[in-house]
Amino acid sequence: MSYENLELEKRDGIAVVTINRPDKLNALNSRTVDELEAAFKSLGSDPEVAGVILTGAGDKAFVAGADIAELASQAPIEGKTFASRGQRVFDRIEGLGKPVIAAVNGFALGGGCELAMACHVRVAAEGAKLGTPEVKLGIICGYGGTQRLPRIVGKGRALEILMTGEMIDAQEAYRIGLVNHVFPKETLLEEAEALLRKMVANGPLSLRLVLDAVGSGLDMAQSDGQELEAALFGLICASEDMREGTKAFLEKRPPKFKGR
Ligand code: COA
């Protein structure tokens with residue numbers, strides 16, 4: 001698929017996906033949502049890609065939301081389909097099985113904030129603004145925001161953000177745990193890449209199972225989550241990477257993981 005609204009660059013085992021509609025502050029129209037789905041589908045099965053950075057083009061926005069021009073005309077049934085479609089695509093990102101870091105380079109509003117929350121880790125540029133202004137438009141989040149935000153920052157903080165519709169700045173987002181780090185704008189991508197490279201230097205199977213254990217475990221009782229963890233631990237004990245990682249430690253050399 002050739003992309004109209006995305007740029008996809010692969011280098012040295014990672015991919016950088018840039019949402020590229022800067023004149024509309026990278027707002028997610030349906031074509032962009034389709035392209036995100038296609039891009040993440042191919043990245044998920046690409047053996048050359050161990051992790052992904054997602055960011056926005058231009059110097060103003062990560063993503064300023066779903067495209068308001070498109071959503072203004074939604075009727076009830078269409079509206080449900082619209083939300084479910086976006087949720088499916090964002091679930092695919094969260095379920096990629098490889099680390100995905102959102103490099104929030106500016107406004108991350110509404111669907112843009114929801115997109116960042118579907119990524120596993122968020123880092124933000126100084127000056128970035130995050131929020132869910134849907135209530136100001138007379139709507140609510142439809143791409144998972146009411147569910148992911150309280151899981152990330154807690155119910156009370158999430159409800160304040162969701163019900164005021166006000167933006168918070170990068171420092172406040174850091175304070176409440178919505179982003180993991182704040183970096184100067186000029187070095188944001190470099191820092192995101194350095195963080196991603198620390199992750200992908202580890203065994204790809206380990207990363208996949210950590211994502212599975214945390215992702216599924218958060219929706220379970222702790223005892224069920226620990227059952228899952230033990231089962232996944234057993235599974236990884238059957239891997240060549242487990243043999244290699246432990247052997248390399250004992251032989252005092254760096255491991256060479258193969259993802260098997
Ligand atoms: N959907 C569609 N178009 C959008 C958009 C969105 N979510 N966000 C911004 N744009 C467009 C603007 O309409 C404008 O297009 P135009 O030049 O053709 O008029 C362009 O992007 C630039 O935005 P503008 O509003 O002029 O920039 P600004 O710096 O004055 O304000 C924001 C920036 C982010 C505060 C403002 O664009 C905004 O509030 N956007 C909507 C945020 C929102 O409610 N998102 C949730 C949607 S569910």
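Throughout, residues of each chain are indexed from 1 in the direction in which the sequence is written. Totals for whole chains, interfaces and linings use every residue, but because this is a predicted model, local features are given only for residues with pLDDT of at least 70 and side-chain atom pairs only at 80 or more, for both listing and counting. With hydrogens and water stripped out, all remaining heavy atoms of the structure feed into the side-chain values.

1. Quick word on helix 11 (residues 240–250)
Moving on, step 1. Relative accessible area decides the class of each residue, using a 1.4 Å probe on protein chains only: under 20% of the type maximum gives buried, over 50% gives exposed, and in between gives partly exposed. A run of H or I in DSSP counts as a helix once it spans at least four residues, and a run of E counts as a strand once it spans at least two, with each numbered from the N terminus. Looking only at helix 11, the buried set comprises Asp241, Glu244 and Ala248. All buried residues of helix 11 fall inside an arc of 60 degrees around its axis, so they share one side. Exposed residues lying more than 90 degrees from the buried face of helix 11 are Phe249 and Leu250.
Moving on, step 2. Two residues form a contact once any of their heavy atoms are found within 4.5 Å. Taken together, the buried residues of helix 11 touch helix 9 (204–217).
Moving on, step 3. Count one or two residues on from helix 11 and you reach Lys252, which has phi positive near 55 degrees. Each C-beta atom gives one direction from the helix axis, and the arc is the one those directions make.

2. Here's the deal with the pattern of salt bridges
Moving on, step 1. Salt bridge, as used here: a side-chain nitrogen of Lys or Arg that lies within 4 Å of a carboxyl oxygen of Asp or Glu. Across all of its chains, the model carries 18 salt bridges by this definition.
Moving on, step 2. Of the charged contacts in the structure, one is a salt bridge between Asp219 and Arg151, with a shortest N-O distance of 3.3 Å. Of the two residues, Asp219 sits in the loop between helix 9 and helix 10 (222–236) while Arg151 sits in helix 5 (residues 145–153), which places them 68 residues apart along the sequence. When sorted by exposure, Asp219 lands in the same class as Arg151, which is exposed.

3. Details of the sheet that holds strand 7 (residues 121–125)
Moving on, step 1. The strand order 1-2-3-5-7-10 describes an open sheet built from six strands, whose pairing is mixed. Strands at the two margins of the open sheet, each flanked by one partner only, are strand 1 (6–11) and strand 10 (181–183). On average, each strand axis in the sheet is inclined to that of its neighbour by 20 degrees, with strand direction left out of account.
Moving on, step 2. The rule for pairing is simple: two strands pair if DSSP sees at least two bridges between them. Bridging between strand 3 (residues 51–56) and strand 5 (residues 100–104) involves three bridges; their strand directions are parallel. Directly across from Ile53, in strand 5, lies its bridge partner Ile101. Helix axes are fitted only over the stretch in contact, all axes being lines through C-alpha atoms; the angle between N-to-C directions runs from 0 to 180 degrees.

4. Quick word on the side chain of Thr55
Moving on, step 1. Inspection of the secondary structure puts Thr55 in strand 3.
Moving on, step 2. Accessibility expressed as a relative area gives 3% for Thr55, which makes it buried.
Moving on, step 3. Here a polar contact is taken to be a pair of N or O atoms separated by no more than 3.5 Å, where protein atoms must pair a possible hydrogen donor with a possible acceptor and residues adjacent in sequence count only if both atoms sit in side chains. Here Asn105 takes part through its side chain, which lies 3.3 Å from a polar atom of the side chain of Thr55.
Moving on, step 4. Filtering out sequence-adjacent residues up to four positions away, Thr55 remains in contact with Val16, Val17, Thr18, Ile19, Phe62, Ala103, Asn105 and Leu189.

5. So, the sheet that holds strand 4 (residues 61–63)
Moving on, step 1. One open sheet accounts for four strands, arranged 4-6-8-9; its pairing is mixed. Edge strands, defined here as strands with exactly one partner in the open sheet, are strand 4 and strand 9 (168–169).
Moving on, step 2. Sheet topology note: the strand 8 (residues 129–131)/strand 9 ladder contains two bridges and is antiparallel. Within strand 9, the residue paired with Leu130 across the bridge is Ile168.

6. Some words on the nonpolar core
Proteins that are soluble and globular tend to have nonpolar side chains buried together.
Moving on, step 1. Counting 48 residues, the largest nonpolar core has Leu36 and Phe40 as its most contacted members.
Moving on, step 2. Apart from the residues within four sequence positions on either side, Leu36 is in contact with Leu6, Val17, Ile19, Leu28, Leu54, Val89 and Leu115.
Moving on, step 3. Nonpolar cores are built from buried Ala, Val, Leu, Ile, Met, Phe, Trp, Tyr and Cys residues. Side-chain atoms within 4.5 Å join them into one set. Core analysis: the second largest hydrophobic core is formed by 15 residues, Ile14, Ala103, Phe183 and Leu195 among them.

7. Things to note about the environment of Ala213
Moving on, step 1. Note on placement: Ala213 falls in helix 9.
Moving on, step 2. As for Ala213 and Ala230, which are separated by 17 residues in sequence, their C-alpha atoms are 9.6 Å apart.
Moving on, step 3. For Ala213, the contacting residues outside a window of four places in its chain are Leu218, Leu228 and Leu232.

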